[in-house]
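Residues per chain are reported as follows:
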Amino acid sequence: MGFSRPESGTLAMCSPEEAALLRLEEVFSATLARINSLVFQPLLEAGELRLSSEKGPEASDPWGRECLQLLQQLHSSSQQLWDVTEESLHSLRERLRRPEAVGLESLLLLQSADRVLQVHLEYIESYTCCVAVQAFQKAVKRRSEYWRGQRKALRQVLSGLSSEGSVGTALLQALRQPLAHHVQQYVLLLLSLGDTVGECHPTRKLVIHAASLFGDLQSFMRQELDQATATQALWPTLSSRLRDVLCTPARRLLQDSQDVPVTVTPLRAERVLLFDDALVLLQGHNTHTFDLKLVWVEPGQDRCTFHLLTPEEEFSFCSKDPQGLVVWQWKVTQAVCQALRGKKDFPVLGAGLEPSEPPTCRCGAYTFRAEGRFCQATYEGEWYWGRPHGNFGIRLVPQASEDKFDCYKCHWREGSMCGYGICEYSTSEVYKGYFQEGLRHGFGVLESAPQAPRPLRYTGHWERGQRSGYGVEEDSDRGERYIGMWQADQRYGPGVMVTQAGVCYQGTFQADKMVGPGILLSDDDSLYEGTFTRDLTLVGKGKVTFPNGFTLEGSFGSVSGRGLHTQGVLDTAALPPDPSSTCKRQLGQGVFPVESRWQGVYGAFRDFVRAGCPGDLREALLGFHVQSSRELRKSQEYLCCERTCPEDQAGRMEDLLEELLQHREPEALQQCLRKALSNSLHPLGKLLRTLMLTFQATYAGIGANKHLQGLAQEEVKQHAQELWAAYRGLLQVALQRKGQAPEEDEDAETRDLRVHSLVLPLVLPSFYSELFTLYLLLHEREDSLYSQGITHLSLFPDTRLLEFLDVQKHLWPLKDLTLTTNQRYSLVRDKCFLSATECLQKMITTVDPREKLEVLERTYGEIEATVSRVLGREHKLPMDDLLPLLIYVVSRAQIQHLGAEIHLIRDMMDPLHTGGLYDFLLTALESCYEHIQKEDMRLHRLPSRWSSREPW
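Residues numbered from 1 in each chain as written. Predicted model: local features only at pLDDT ≥ 70, side-chain atom pairs only at ≥ 80, totals over all residues. Heavy atoms only, no water.

1. Let's talk about the overall build of the protein chain
1) Next: When helices and strands are tallied, the protein chain shows 27 helices and 26 strands.
2) Next: Expressed as a percentage of the 952 residues in the protein chain, the buried residues total 51%.
3) Next: For the protein chain, restricting intrachain contacts to residue pairs at least 6 apart in sequence, the fraction spanning at least 24 positions comes to 55%.
4) Next: If you sum the accessible surface of the protein chain, you get close to 45,000 Å²; carbon and sulfur atoms cover 50% of it. (Helix = DSSP H or I, 4+ residues; strand = E, 2+ residues; numbered from the N terminus. Buried < 20%, exposed > 50% of the residue type's maximum accessible area, 1.4 Å probe, protein only. Contact = heavy atoms within 4.5 Å. Areas by Shrake-Rupley, 256 points an atom, 1.4 Å probe, with all protein chains shown as cover.)

2. Thoughts on the sheet that holds strand 4 (residues 278-283)
1) Next: Taken in spatial order, the four strands line up as 1-3-4-5 in an open sheet, and their pairing is antiparallel. At either margin of the open sheet sits one strand with a lone partner, and together these are strand 1 (253-256) and strand 5 (286-291). Taking the axes of each pair of neighbouring strands and ignoring which way they run, one obtains an average angle of 20° across the sheet.
2) Next: Sitting on the sheet, helix 9 (residues 204-234) touches strand 1 and strand 3 (271-275), and the angle it makes with strand 1 is about 60°. (Pairing = 2+ DSSP bridges. Axes fitted to C-alpha atoms, helices over the stretch in contact; angles between N-to-C directions.)

3. Focus: the environment of Gln-670
1) Next: With respect to the secondary-structure elements, Gln-670 resides in helix 16 (residues 666-677).
2) Next: Residue contacts for Gln-670: discarding those within four places in its chain leaves Ser-757, Leu-758, Pro-761 and Leu-762.

4. Remarks on the pattern of salt bridges
1) Next: Inspection of the entire model under this criterion finds 39 salt bridges.
2) Next: Between Arg-478 and Glu-480 there is a salt bridge whose closest N-O contact spans 3.7 Å.
3) Next: Look at Arg-478 and you get exposed, because its relative accessible area is 51%.
4) Next: One salt bridge in this structure joins Glu-854 and Arg-850, with 3.3 Å as the shortest N-O distance. On the criterion of helical spacing, the pair formed by Glu-854 and Arg-850 is a turn pair, its members being four residues apart in helix 23 (residues 849-871).
5) Next: On the basis of relative accessible area, Glu-854 is assigned to the partly exposed category, the value being 24%.
6) Next: One network of salt bridges, with partners in common, ties together Arg-664, Arg-728, Glu-743 and Glu-746. (Salt bridge = Lys/Arg side-chain N within 4 Å of Asp/Glu carboxyl O.)

5. Details of helix 25 (residues 898-908)
1) Next: Most of helix 25 sits inside the fold, with eight of its eleven residues counted as buried.
2) Next: Within the sequence span of helix 25, burial applies to Leu-898, Gly-899, Ala-900, Glu-901, Ile-902, Leu-904, Ile-905 and Met-908.
3) Next: On its buried face, helix 25 sits against helix 18 (709-737), helix 19 (748-778), helix 20 (780-793), helix 23, helix 24 (879-893) and helix 26 (917-933).

6. Details of the sheet that holds strand 7 (residues 305-309)
1) Next: Read across the open sheet, the four strands follow the order 2-8-7-6; overall the sheet is antiparallel. The sheet is open, and its two borders are formed by strand 2 (263-265) and strand 6 (296-299), each paired with just one other strand. Direction aside, the axes of adjacent strands within the sheet are offset by 25° on average.
2) Next: Bridge count between strand 7 and strand 8 (residues 314-318): five bridges; the pairing is antiparallel.

7. Some thoughts on helix 18
1) Next: Relative to the 42 Å expected for 29 residues at 1.5 Å per residue, helix 18 spans 42 Å between its end C-alpha atoms, a close match to the ideal helical length.
2) Next: Of all the 29 residues making up helix 18, 22 are buried; the element is thus mostly covered by neighbouring parts of the structure. (Expected span 1.5 Å × (residues − 1).)

8. Quick look at the pairing of strand 8
1) Next: Alignment of strand 2 against strand 8, held across three bridges, turns out to be antiparallel. Looking at strand 8, one finds that Thr-263 is bridged to Cys-318.
2) Next: Taking the residues that link successive antiparallel strands as the turn, the strand 7-strand 8 hairpin has four residues.

9. Some words on the packing of helix 16 against helix 19
1) Next: One way to put it is that helix 16 packs onto helix 19 with a least axis distance of 10 Å and a crossing angle of 30°. Our pair here, helix 16 against helix 19, has a crossing hand that is right-handed. For the pair formed by helix 16 and helix 19, the contact residues are Pro-666, Leu-669, Gln-670, Leu-673, Arg-674 and Leu-677 on the first element and Arg-754, Ser-757, Leu-758, Val-759, Pro-761, Leu-762 and Val-763 on the second.
2) Next: Of the residues assigned to the contact of helix 16 with helix 19, the class counts are nine nonpolar, two polar and two charged. (Left-handed = near helix turned anticlockwise from the far one by under 90°. Nonpolar A, V, L, I, M, F, W, Y, C, P; charged D, E, K, R; others polar.)

10. Overview of the packing of helix 17 (residues 683-699) against helix 19
1) Next: Relative to each other, helix 17 and helix 19 sit at 5°, their axes nearing to 10 Å. Between helix 17 and helix 19, the angle is such that the two are roughly parallel. Residue-level inspection shows Leu-688, Leu-691, Met-692, Phe-695, Gln-696 and Tyr-699 of helix 17 in contact with helix 19, the latter providing Val-763, Ser-766, Phe-767, Glu-770, Leu-771 and Leu-774.
2) Next: Among the residues forming the contact of helix 17 with helix 19, the class breakdown is nine nonpolar, two polar and one charged. (Parallel < 35°, antiparallel > 145°, perpendicular 65-115°, else oblique.)

11. Considering the confidence of the model for the protein chain
1) Next: Taken as a whole, the protein chain shows an average pLDDT of 84; of its residues, 86% reach a score of 70 or greater.
2) Next: Within the model, pLDDT remains below 50 along residues 55-59, and this stretch shows seven contacts once partners closer than five positions in the same chain are excluded. (pLDDT = per-residue confidence, 0-100.)

12. Here we look at unusual backbone geometry
1) Next: That bond from Thr-265 to Pro-266 is cis: its omega, 5°, falls within 30 degrees of zero.
2) Next: The residue after Phe-346, namely Pro-347, is reached through a cis peptide bond having omega 15°.
3) Next: Within the fold, Pro-347 resides in the loop between helix 11 (322-341) and strand 9 (361-367).
4) Next: One non-glycine residue with positive phi stands out, namely His-897, at about 55°.
5) Next: Locating His-897 in the fold gives a position in the loop between helix 24 and helix 25.

13. Concerning the packing of aromatic side chains
1) Next: Going through the model one piece at a time under the given rule, you end up with 36 aromatic pairs.
2) Next: Measuring from ring centre to ring centre gives 5.2 Å for Tyr-431 and Phe-435, while their planes differ by 80°; the resulting arrangement is edge-to-face. This pair shows no difference in class: Tyr-431 is buried, exactly as Phe-435 is.
3) Next: Within the aromatic cluster, the residues linked to one another by ring pairs are Tyr-431, Phe-435, Tyr-458, Trp-462, Tyr-482, Trp-486 and Phe-509.
4) Next: One Lys or Arg, Arg-362, reaches over the ring of Trp-296 and ends 4.1 Å from the middle of that ring. (Phe/Tyr/Trp six-rings, centres within 6.5 Å; stacked < 30°, edge-to-face > 60°. Lys NZ or Arg CZ within 6 Å of the ring centre and 35° of its normal.)

14. Looking at the side chain of Thr-203
1) Next: Within the secondary structure, Thr-203 is located in the loop between helix 8 (167-197) and helix 9.
2) Next: The class of Thr-203 is buried, set by a relative accessible area of 3%.
3) Next: Every residue in contact with Thr-203, bar those within four places of it in the chain, is listed here: Leu-104 and Glu-105.

15. Considerations on the pairing of strand 14 (residues 416-424)
1) Next: Strand 14 sits mainly inside the fold: eight of its nine residues count as buried.
2) Next: Where strand 13 (residues 405-413) lies against strand 14, six bridges are found, and the strand directions are antiparallel. Following the sheet pairing, Cys-407 is matched in strand 14 by Glu-424.
3) Next: In this antiparallel pair of consecutive strands, strand 13 and strand 14, the connection spans two residues, and Glu-414 shows a positive phi of 50°.
4) Next: Remark: five residues form the turn of the hairpin made by strand 14 and strand 15 (residues 430-436), two consecutive strands paired antiparallel; Ser-428 in that turn has positive phi of roughly 75°.

And the structure:
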């Protein structure tokens, strides 16, 4: 078979090296086949026969199930090696048979060199596991006579096999020597082929790559065999107890202090063993084992010492021989790197593609052993120099009860919980909030299980592990909610207590009890001003003002079993108060400044912005939307923690900030803010959802009390201001990152304009349900009178209602009415001003005050358009004409709770519209609302001038 070097850069015919590779593969394939029948089949048959005769779950013979599993794995790896050799052989035969049609690149060794390498690596791993635990020696022990008879056959497979030595050694050589020779020939032939094809050949890179891989494989094989042999030699030097603890097939000895002496302080270890996964210190009968993934190497200040840090221990390695200490430090460092990567270095230890210095920050799991609060606690998460530190980590702390744990899912700093975290306690309580130095600190929510003896939920501020500052606590069992100030885990300072029965208290609290003067508002709007006992019963001097204006002033007290008694003066001469003012007494306003209520929430966001919005802190920002209903687990294998890559987080944060820079015009900005606020992972979206949580905790359920409406209304406005400030903070960070000048500070007028026009319409829907409920309760009486008026007015036909309202007849849209047979104008209903009526009904389809006012403006336009059509000319309605027509439209629209709607619009509308058209139209609607409530509207008094004979 000839060979020529073509000028075109392609091989016209096959080379001698290819022919040699073909012969090499043929010989190796035949050798693997003989090894399979000569070695593996007898070994596996003997092992399976032995185990099948055992009665117990484990073999009592040293052969054991583990040796059988190792040999089965080695056999499987050998089969894969045989298969890939056959594939390579097939590709070579095709190449030699049709060199003109099949290119050199088609050879499996070149086309799939990495796959071929991986098969070899798996075989080497399986083989060295057998070597490390002497699997071959144990396997042949019971059939030594048989194997001695096979020595001649083994000699045919091996070259240089002596007649002396054990059969186990012969098997070791039979399974190693052919592979070593095969890889060596691969390297030589591939290097020679690389020289042959020339510099310009298109497959030269493939040839050089394959030669490099198998050259590295030679080095890797030598190191693996050396480590396996050293590990095998170690086990007989240890006691059987230590062997049982330390010996595993995959574990490899990297260094032994008996070979390179070293001293460990303060533990005074008698012997130090460095494995590829653990550092072991032997001290008498005690064994200290340290997972290398949680070992940090810190160089000493001199050449005779270096330090190791672990989650619970810190010790030093010392040696009189600086060179020996360097060996230990280098090997420990590389072993830590390899353990963290989770795979062996290739081609040799410390020569991998990864950095040779282990990271100071890393993830791992550890169970604490030292006595104390965290004894047997398991932590999984990020570490920094031996301490829990960084993004979400999980710690399970066992409690006295066997199957119950406290589960901490938190951010950590130098071993302590710091930043945001979720803690699920064995008592079924759950805390979501911020920590500092391991204690609850900042904003947080603590909630007990619904089935607890006394279900409680606290939402508010914490200091050093105790409730302190502004907070809301709900006691579901007693049907009470406390809103106010706390100190040292007790209600302390001004506070409001709301009960499920609708009774409200406001006063000063000390040691969880109300002391001194206070006020009480009952559900029927009766007002008590005076002193209370610690259990909130009336005592001492006080004054009661009843809804009808009567007052009772004197001394109050209670006698067991006889209820409340009083001695004082009842004044019935006072004029009845305005009912609308009586029911609108509000609590909490002025007592809790709105800007200081939820500083724990705002403060966390400001800290994030001040830090420059780093991606790795974004996960710790206001994570209250994270679900925590996961059942507590008792085993580390069930621990789960969804981590997001800091780099990815940082990248996304960059995109979010860039988007803010690109959308700064009012219309584009509002769309940008709408998108951000609706995204639960956007910092602004997180802030809004946390504020929603505080709002619901305060005003939903028991907190749905009309006397808290003012407190809630000013809180929504404050939240809109804070969200605008949050946006401004993010924008400044975005400008800073781009190297641009920051925006100038806004004056109060500009800020209020932006808040009401851009932010409030976007955030109001998030609070609308609870807020509107408070408006409904506050204006319930007026709305009830209004509903009665609407009910009575609905009985009027169109023309009679228009006349009843004194609408001038030349404005009646009679031409719009189509009569059927035997039908009169006076009987037609719900036909006049139909377009205006349908328009007004759309007011309840939106929550934005501006959109509601726009609906009202369109309604006014529809009324004027109808009148202009009736008159045949454009006509502007004066107030005297507009009001009765608007009353007509309102009565036909039949909007429920119109009073609540009007007052919410008035309170939340943009101040820019004060005194303008919207203000005028809203005032007109208010007048209609008040007229409909009047008695003559509700009593359905028909005008005396109406007659049954009247044509209308």
